[in-house]
Amino acid sequence: MDISEIIIAGDTPGVEWRLPVFRFKGASAAAPRTYIQAALHANELPGTALLHFLLEKLCQADEDGAILGDIAIVPQANPIGAAQAHFGELQGRFDLGSRTNFNRDFPLISLGERDGLLDEPDRYSAIDRLKRHLLDMALGAELVLDLHCDDEGLQYAYIDEAFWPEAADLAAALDMEAVFLSDGQSSAFEEAVAHAWKHESEGERRTALPGRLSVTVELRGTRDVYPDIALKDAEGMFRFLAGRGVVASTGAGLPAFAGKTVPLDNIEMIRAPETGAILFHRNIGDNVEAGELLATILVRPGVPGGTVEVRAPQDGLIVTRVSTRLARRRSDLMKIACAEPSRAARKPGTLEA
């Protein structure tokens, strides 16, 4: 294993950011190359814990001569966000300088333009240079995994339709309970990678990408950072890599994916109609029916008629729920995966800002 650092000059003189990268050299040129990163949203740490244990397993595999494909791993992909604390609370989702989501505004380029990603670094802010370095590393691989988590959530993933159903092996390996089939219409990291592959050369647009994968994995919720869970996830990730021929393994094969698979249009984004304290009546993992009471919002506590009920618009599986217990008008409360499209209007791209 080789450990190196990418040094990114800060926007303030005297400040710089260091990005550790762990690399394993594969023994077979025919094996897929893999890139895995975690904590692009710096306060989402289940992926960092997973990679800690995965690196231990890969080091052992390296000693055993079992690394077949090149592997690059970045356990903490956002040192800039990791340094953003406001009133004692880590602010890892948005860049405080630009107010931009750290997982948006990645360059949408063709694969042929990759060589220019790191040119003229002084033209870009520190966060844009970071994004360009991450994208450059990812475009050198065939398998790209971006590890995130939700607020409170089941194990699930956003997977571009171009990779499905081939990517069901990852969903099975990580014991996911749902897969959201995305439309590739945003500038998030995994979609920027897929965009470059789809537009490998100018004027080209591929709709299927066999043998490749770029995916956002949602590793439950922000508080689900425990050694036993992280080790289980690392073992699942290792089985996935073995199944794809990245590492040699004599372990058992993967079962069929048994979770729920829905397009983004079938996700009901449950939002608060008013501001107030949230009383949840249903939890993540619950299957609910249309009209069922999901939450009560205490808009004017103690006042007759001062509550608002939030009910399920259709049958479905509650995949995520917010951890806060104060809602603001139109703030997200839940995501429910349904068999039918939502009647609510949805813009192309991501479900959330």
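Residues numbered from 1 in each chain as written. Predicted model: local features only at pLDDT ≥ 70, side-chain atom pairs only at ≥ 80, totals over all residues. Heavy atoms only, no water.

The name an unreviewed UniProt entry gives the chain is Peptidase M14, with Rhizobium meliloti as the organism. Quoted straight from UniProt, the Cofactor (unreviewed entry) entry for the chain says "Zn(2+)". (UniProt positions renumbered as here; feature names shortened; annotations may be inferred.)

Participant: How would you explain unusual backbone geometry if you had to name every residue and give the values?
Facilitator: In this chain, Trp164 is followed by Pro165 through a cis amide linkage whose omega measures 10°. As for its placement among the helices and strands, Pro165 is situated in the loop between strand S9 (155–160) and helix H4 (168–173). Despite not being glycine, Asp175 shows a phi value in the positive range, around 55°. Checked against the element boundaries, Asp175 lands in the loop between H4 and strand S10 (178–182). (Helix = DSSP H or I, 4+ residues; strand = E, 2+ residues; numbered from the N terminus.)

Participant: Pulling in residues and values, what's your account of the sheet that holds strand S4 (residues 71–74)?
Facilitator: Read from one edge to the other, the open sheet built from 9 strands follows the order S1-S2-S4-S3-S7-S11-S9-S10-S12, with strand pairing classed as mixed. The outermost strands of the open sheet, each flanked by one partner alone, are strand S1 (2–9) and strand S12 (260–263). On average, each strand axis in the sheet is tilted by 20° relative to the strand beside it, whichever way the strands run. Here strand S2 (residues 16–24) pairs with S4 via 3 bridges, running antiparallel. Across the sheet, the residue bridging to Arg23 is Ala72, located in S4. On top of the sheet, helix H5 (residues 189–198) reaches strand S3 (34–38), strand S7 (143–150), S9, S10 and strand S11 (213–221); it is set at about 165° to S11, its chief contact. (Pairing = 2+ DSSP bridges. Axes fitted to C-alpha atoms, helices over the stretch in contact; angles between N-to-C directions. Contact = heavy atoms within 4.5 Å.)

Participant: Report on the domain arrangement of the chain, specifying residues and quantitative values.
Facilitator: The parts lose accessible area when they come together, and the size of an interface is often stated as this lost area. Per the domain assignment, the segments making up the chain are domain 1 (2–258) and domain 2 (265–338). Averaged C-alpha coordinates put domain 1 and domain 2 at centres separated by 31 Å. Contacts between the two partners involve 10 residues from domain 1 and, on the opposite side, 14 residues from domain 2. Interface area, domain 1 with domain 2, both sides summed: about 960 Å², of which 60% is carbon and sulfur. On the domain 1 side of the interface with domain 2, the three residues burying the most area are Glu152, Leu154 and Phe180, jointly 59% of the side's total. For the pair domain 1 and domain 2, the number of links is 3 salt bridges. A salt bridge links Arg325 to Glu152; the shortest N-O distance between them is 3.7 Å. One can count 4 residue pairs in polar contact (both at pLDDT 80 or more) joining domain 1 with domain 2. Those elements that place two or more of their residues in the side of domain 1 that touches domain 2 are strand S8 (152–153), S9 and S10. Of the residues that constitute the side of domain 1 that touches domain 2, the class distribution is 5 nonpolar, 1 polar and 4 charged. (Domains from an automatic or database assignment. Buried area = accessible area lost by both parts, 1.4 Å probe. Salt bridge = Lys/Arg side-chain N within 4 Å of Asp/Glu carboxyl O. Polar contact = N/O pair within 3.5 Å; in protein donor to acceptor, adjacent residues only side chain to side chain. Nonpolar A, V, L, I, M, F, W, Y, C, P; charged D, E, K, R; others polar.)

Participant: Hey, could you go over the side chain of Glu190 for me, with residue numbers and the actual values?
Facilitator: Examined against the element boundaries, Glu190 turns out to sit in helix H5. Among buried Asp, Glu, Lys and Arg side chains, Glu190 stands out as unpaired, with Arg104 the closest opposite charge at 8.1 Å. Those residues in contact with Glu190, other than ones at most four positions away along the chain, are Tyr158, Ser182, Ser214, Val215 and Thr216. (Buried < 20%, exposed > 50% of the residue type's maximum accessible area, 1.4 Å probe, protein only. Lys, Arg positive; Asp, Glu negative; His and termini not counted.)

Participant: A description of the pattern of salt bridges should follow, citing residues and the corresponding values.
Facilitator: Applying the stated rule across the entire model yields 24 salt bridges. Of the charged contacts, one joins Lys335 and Asp150 as a salt bridge, the two residues approaching to 2.9 Å between their closest N and O atoms. You can see Lys335 sitting in strand S20 (residues 332–337) and its partner Asp150 sitting in strand S7, a full 185 residues away along the chain. Comparing Lys335 with Asp150 shows no difference in burial state: the two are buried. One salt bridge in this structure joins Lys198 and Asp160, with 2.8 Å as the shortest N-O distance. Pair noted here: Lys198 is in helix H5 and Asp160 is in strand S9, with a separation of 38 residues, a long-range link. Here Lys198 and Asp160 have matching classes, each one buried. Each of the salt bridges in this network shares a partner with another, and the network as a whole consists of Glu5, Glu16 and Arg18.

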